[in-house]
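# Survey of secondary and tertiary structure
Given next are the chains, with one letter for each unit.
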Amino acid sequence: MAKKALLIGINYPGTAVELRGCVNDVRRMQKCLIDRYGFSNKDITVLIDTDKTSIQPTGKNIREALKKLIAEGEPGDVLVFHYSGHGTRLPTEEGLFDATDYDECITPCDMNLITDMVAEVKKGCLLTIISDSCHSGGLIEEAKEQIGESYVNKPRSRIVTFLVSIVRSLLTTCGISSNDSQRGSGGGHDSFTRESELEDGETVDMKTRYLPLDSYITLLKEQTGQTDIKYGKIRQTLVKVFGQDSSPNVMLSNSVKRNAHRGLLSMFVGKREVNTDGAGSEVKSKHPNNGILLSGCQTDQRSEDVYVTRTGKSYGAFSDAIQTILSGTRKEITNKEMVLRAREILKKQKFGQRPAIMATTASFFTIASSFSEPRIQIRSSKRTSLSLQYSIPYKANSRSRRRLVVSSVSAPKVELRTGPDYLISSLLSKVCIASLQRPQLPWAVDPLRLLLPKSPQSVQNVILTFLVSGVVFIPLGAICLFASQGVIEIVDQYDIDCIPLSFRDNKVRYIQGIEDKRCNRTITVTKTMKNPVYVYYQLENYYQNHRRYVKSRQDGQLRSPKDENDVKSCAPEDTVGGEPIVPCGLVAWSLFNDTYDFTRNNQKLSVNKKDISWKSDRDSKFGKNVFPKNFQKGFPIGGKSLDPKIPLSEQEDLIVWMRTAALPIFRKLYGKIDTDLEAGDTINVLLQNNYNTYSFNGKKKLVLSTTSWLGGRNDFLGIAYLTVGSICLSLAVFFSVLYLAKPRQLGDPSYLSWNRSAGGGR
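Residues numbered from 1 in each chain as written. Predicted model: local features only at pLDDT ≥ 70, side-chain atom pairs only at ≥ 80, totals over all residues. Heavy atoms only, no water.

## A look at the state of the cysteines
As used here, a disulfide is simply a covalent bond connecting the sulfur atoms of two cysteines. Summed over the entire model, instances satisfying the criterion amount to two disulfides. Here C498 engages in a disulfide with C519; their sulfurs sit 2.0 Å apart. Note on the C498 and C519 pair: the S-S dihedral is about -75°, so by sign convention the disulfide is left-handed. Of this pair, C498 sits in the loop between β17 (489-493) and α10 (507-512) while C519 sits in strand β18 (residues 518-524), and the two are 21 residues apart along the sequence. Like C498, the residue C519 is buried in the burial classification. Note that C570 is cross-linked by a disulfide to C584, the S-S spacing being 2.0 Å. Pair noted here: C570 is in the loop between α12 (555-559) and β20 (575-576) and C584 is in the loop between β21 (579-580) and α13 (586-589), with a separation of 14 residues, a long-range link. Each member of the pair, C570 as well as C584, carries the same accessibility label: buried. Along the protein chain, the cysteines engaged in disulfide bonds are linked according to the scheme 1-2, 3-4 when indexed in sequence order. (Disulfide = S-S within 2.5 Å. Helix = DSSP H or I, 4+ residues; strand = E, 2+ residues; numbered from the N terminus. Buried < 20%, exposed > 50% of the residue type's maximum accessible area, 1.4 Å probe, protein only.)

Listed below in structure tokens is the structure:
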């Protein structure tokens with residue numbers, strides 16, 4: 001039986017986050033292993049950053065050393081991995097499940113974070129991990145046993161717990177790396193040095209072994225020279241800088257999101273039954289343990305780095321507790337006893353961190369690179385149901401069976417199940433199974449993992465979603481409504497008033513007759529209207545979106561004179577006397593032809609018709625060398641005539657009209673008045689009431705309007721935002737009250753079928 005160890009100590013000398021006790025922890029552990037447990041010095045690998053002549057504890061070197069340690073282990077060997085240094089947490093990415101919503105990491109000296117390690121511990125070989133770093137309780141994700149409360153809420157009032165969780169989630173959602181937002185109950189301080197007094201009266205300086213994300217990003221920028229590192233781009237930056245030397249989990253998070261590789265030592269994955277009912281909880285295991293983690297604190301806590309002012313002694317609080325326990329007795333001490341006694345010592349010394357013990361199962365779960373031929377069983381029933389089963393061997397203690405069930409009924413439903421209940425459902429018109437191809441999957445990745453539902457949402461996250469939505473939408477709605485209310489509009493409906501009394505009973509006869517169509521209107525300006533003042537005509541009950549109307553045009557003819565004879569889609573306004581009409585079709589034929597002339601105090605207000613259409617329409621849809629031809633020469637005459645000497649690209653009234661409206665009530669821009677209209681001004685409008693809307697009971701209105709940054713007046717957008725925001729805020733308050741009054745604990749997601757290891761088909 002061999003005994004081997006890998007000891008990592010990182011003090012980060014010369015940086016703003018320098019620690020003092022990590023290398024001392026390693027030296028003391030090395031001496032303890034040799035003197036007490038009979039380790040040979042040649043079988044102990046030490047990586048520290050205070051000795052520049054030795055191998056540095058970079059991310060690559062740590063992973064390679066750990067892989068070597070595990071690979072050389074044989075059944076019966078005892079392996080020890082000890083880490084003292086900074087720990088940090090990366091928010092988990094979308095699609096990845098983590099019970100704490102973070103990836104717990106250890107921080108090498110080159111800032112190449114280690115979030116996982118892919119290796120296989122041989123059966124019968126025991127690996128013990130001792131981690132004296134912040135958030136170390138989450139370094140093994142798939143734990144089946146623990147002493148601690150890493151997955152249990154802290155014993156404080158529900159209101160405080162609820163409010164703290166909301167603040168944390170809000171800060172994280174806003175992309176703010178706040179020390180408070182990631183603060184646990186133990187060691188709940190930032191990573192700056194502070195003075196404290198122990199129970200025996202000894203004065204010490206303490207510093208948490210936690211590296212905040214903002215500090216980490218600063219160091220990463222210094223190490224790599226990258227200047228554009230953001231909170232949401234840390235993983236991408238690590239892959240970009242370190243390439244294949246970055247953690248596998250970091251590389252995979254950029255492509256395939258999955259649960260197979262999670263935690264610092266994800267080689268320990270197996271079936272587990274967790275019972276976190278306090279220290280010393282009993283857990284039944286279906287596999288022997290071969291991986292044990294002794295962590296210096298819980299997942300949401302921080303470990304302390306201690307410097308004794310009087311003696312100059314420095315150490316990690318948890319590492320020192322272990323050495324104190326071992327030096328006080330020569331008897332064998334179990335891991336459970338070690339952790340419980342360390343808790344007592346740290347509590348007496350007024351440290352908030354609570355060490356934990358976690359264990360894992362036998363072997364790392366990987367998918368075999370090759371697959372056996374499927375074993376197919378076909379069964380038939382009266383409902384014309386087919387069932388096909390095949391099994392695929394994995395490098396694990398169990399086999400995963402996949403079952404494909406195809407039911408051929410009126411609208412058959414197809415289900416594909418594999419190992420952890422994956423489900424694909426679709427409706428097929430026909431079902432034909434000719435053969436079953438052997439799956440060809442990339443290494444250790446099952447694409448069906450992508451079909452898993454997302455992680456269960458906590459109550460706090462749901463409430464936070466409603467709260468953030470309400471907080472965002474309500475001010476946004478108020479801003480939009482305020483902007484809309486700032487738009488000044490004057491609307492004058494003139495279609496009835498501009499019909500002489502003698503023709504009120506027969507408006508169509510009047511509009512089609514030869515009578516004088518001039519009409520005088522008076523408009524009073526109620527508020528000052530800053531230029532430009534936009535002049536619109538508004539039509540109601542006018543369906544420009546009618547299918548036959550919209551299709552009655554030829555866009556190619558509008559762009560190029562070569563296509564002027566292409567009038568096949570323009571009927572009935574396609575030709576006159578055998579000659580093509582340009583522009584052809586009902587849309588152009590029905591061009592609006594009412595006119596408006598404005599005067600103020602007997603002075604004419606000119607209307608600018610320049611650039612009232614879209615520039616893209618003028619440049620791309622209407623040709624500069626296409627001129628009107630035979631337009632409004634037939635009978636009946638529809639609307640306005642066009643000057644045959646002006647190209648279509650300059651006929652902006654036509655361009656505006658040809659952009660058809662989607663609704664029966666619409667406005668189109670007539671022109672702009674480039675003069676301020678003062679409050680109290682009287683505007684005289686001389687208009688020509690030429691356009692026939694009376695045949696279909698339509699309405700015509702003249703509109704003068706200003707604009708805001710949001711456009712014209714439209715209260716709907718602001719009201720919609722206010723309504724949705726109010727509903728979201730009300731739901732957030734309702735669910736908050738409901739949660740505080742009648743809290744309901746979430747179930748343990750580890751019992752979900754897709755979070756359990758494959759144990760056979762069902």
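Following the structure, the description resumes.
## Digging into the environment of N24
One can find N24 in helix α1 (residues 22-35). Using a relative accessible area of 31% as the deciding quantity, one classes N24 as partly exposed. Taking C-alpha positions, N24 is 9.5 Å from S319, a pair spaced 295 residues apart along the chain. A distance of 2.8 Å separates polar atoms of two side chains, one belonging to N24 and the other to S314. (Polar contact = N/O pair within 3.5 Å; in protein donor to acceptor, adjacent residues only side chain to side chain.)

## Digging into the sheet that holds β18
A sheet is described by the order of its strands in space; here four strands give the open sequence β18-β25-β22-β23, paired in antiparallel fashion. Whereas interior strands pair on both sides, the edge strands pair on one side only; in this sheet they are β18 and β23 (603-605). Averaged over all adjacent pairs, the angle separating strand axes in this sheet is 30°, with direction ignored. Bridging between β18 and strand β25 (residues 682-688) involves seven bridges; their strand directions are antiparallel. Residue pairing for β25: R518 is matched across the bridge by Q688. (Pairing = 2+ DSSP bridges. Axes fitted to C-alpha atoms, helices over the stretch in contact; angles between N-to-C directions.)

## A closer look at the pairing of strand β24 (residues 666-673)
Among the eight residues of β24, seven are classified as buried, and the element is accordingly described as predominantly covered. Strand direction decides the pairing type here: strand β19 (residues 533-540) and β24, joined by seven bridges, are antiparallel. Directly across from L539, in β24, lies its bridge partner F666.

## Quick word on the packing of aromatic side chains
Enumeration according to the criterion identifies 16 aromatic pairs in this entry. Each ring, one from Y534 and one from Y536, has its centre 6.4 Å from the other, and the planes form 35°; the classification is tilted. Y536 shares its class with Y534; the two are buried. Note on Y537 and F592: the rings are 3.9 Å apart at their centroids and 5° apart in plane angle, and the pair reads as stacked. Residue Y537 is located in strand β19, and its partner F592 is located in the loop between α13 and β22 (595-600); the two are separated by 55 residues in the primary sequence. Here Y537 and F592 have matching classes, each one buried. Connected via pairs of aromatic rings, a cluster forms that spans Y537, Y542, F592, W657, F666, Y691 and F696. (Phe/Tyr/Trp six-rings, centres within 6.5 Å; stacked < 30°, edge-to-face > 60°.)

## Some remarks on a nonpolar patch on the surface
A contiguous nonpolar surface patch, about 320 Å² in accessible area, is contributed by V462, F734, F735 and L738. Counting residues per element, the nonpolar patch draws most heavily on helix α16 (residues 715-741), which supplies three residues. Taking the relative accessible area as the measure of exposure, V462 reaches 31% and is therefore partly exposed. (Patch = residues over 30% accessible without salt bridge, like charges linked within 9 Å, V, L, I, M, F, W, Y side chains within 5 Å. Areas by Shrake-Rupley, 256 points an atom, 1.4 Å probe, with all protein chains shown as cover. Salt bridge = Lys/Arg side-chain N within 4 Å of Asp/Glu carboxyl O.)

## Focus: α16
Three or four residues apart is the spacing at which side chains of an α-helix point the same way, because the helix has 3.6 residues per turn. Taking 1.5 Å of rise per residue, the 27 residues of α16 would be expected to cover 39 Å, and the 39 Å separating its terminal C-alpha atoms lies within 8% of that figure. Of all the positions in α16, only G718, G725, C728, A732, S736 and Y739 are classed as buried. A side-chain oxygen of the first residue of α16 lies 3.1 Å from the backbone nitrogen of F716; this N-cap is N714. (Expected span 1.5 Å × (residues − 1).)

## Here's the deal with the confidence of the model for the protein chain
Averaged over the protein chain, the pLDDT score is 76; the fraction of residues at 70 or greater is 69%. Looking over the protein chain, one finds the lowest element-wise mean pLDDT in strand β15 (residues 400-407), namely 36, and the highest in β19, namely 97. Low pLDDT, under 50, characterises residues 256-289; the stretch is placed with 122 contacts to residues that sit more than four places away or in other chains. A low-confidence stretch, residues 361-454 stays under pLDDT 50, and its non-local contacts, those more than four residues away or across chains, total 173 contacts. (pLDDT = per-residue confidence, 0-100. Contact = heavy atoms within 4.5 Å.)

## Examining the nonpolar core
Core analysis: the biggest nonpolar cluster contains 47 residues, and Y596, F598 and W657 have the highest contact counts within it. Of all the secondary-structure elements, those providing two or more residues to this core are β18, β19, α13, β22, α15 (652-658), β24, β25 and β26 (699-705). I10, L47, F81 and I114 belong to the second largest nonpolar core, which has 40 residues in total. (Core = buried A, V, L, I, M, F, W, Y, C linked by side-chain atoms within 4.5 Å.)

## Quick word on the environment of D49
Summarising the element assignment, D49 is placed in the loop between β2 (44-48) and α2 (59-71). For D49, a relative accessible area of 1% corresponds to the buried category. Along the backbone, D49 and Y12 are 37 residues apart, and their C-alpha atoms lie at a distance of 6.9 Å. From its side chain, D49 meets the backbone nitrogen of N11 in a polar contact 3.0 Å long.

## Brief notes about the UniProt feature "transmembrane region" (unreviewed entry) in the protein chain
Here, UniProt's "transmembrane region" (unreviewed entry) annotation points to residues 462-483 and 719-741. A distance of 33 Å separates the end C-alpha atoms of residues 719-741, which is 100% helix and 0% strand. (UniProt positions renumbered as here; feature names shortened; annotations may be inferred.)

## Remarks on the packing of helix α9 (residues 459-485) against α16
Helix packing geometry: the angle between the two helix axes and the distance between the axes. Relative orientation of the contacting elements α9 and α16 amounts to 155°, with a least axis distance of 7 Å. Between α9 and α16, the crossing angle belongs to the class labelled roughly antiparallel. Between α9 and α16 lies a crossing whose hand is left-handed. When grouped by side-chain class, the residues that make up the contact of α9 with α16 number 21 nonpolar, ten polar and one charged. (Parallel < 35°, antiparallel > 145°, perpendicular 65-115°, else oblique. Left-handed = near helix turned anticlockwise from the far one by under 90°. Nonpolar A, V, L, I, M, F, W, Y, C, P; charged D, E, K, R; others polar.)

## Some details on the sheet that holds β17
Adjacent strands of a sheet pair through backbone hydrogen bonds, lying either parallel or antiparallel. Ordered by their spatial adjacency, four strands build an open sheet running β17-β26-β19-β24, and the pairing between neighbours is antiparallel. Since the sheet does not close on itself, it has two edges, and those belong to β17 and β24, each with one partner. Between one strand axis and the next, the sheet turns through 20° on average, direction left out of account.

## Re the side chain of D492
Topologically, D492 is positioned in strand β17. Note on D492: relative accessible area 13%, which makes it buried. A polar contact is formed between the side chain of D492 and the side chain of R521, at a distance of 2.8 Å. Once you skip the residues sitting within four places of it in the chain, D492 turns out to touch R521, I523, K700, K701 and L702.

## Structural notes on the side chain of R600
Secondary-structure assignment places R600 in strand β22. With near-sequence residues (within four places) excluded, R600 lies in contact with L605, T675, D676, L677, E678, D681, T682 and I683.

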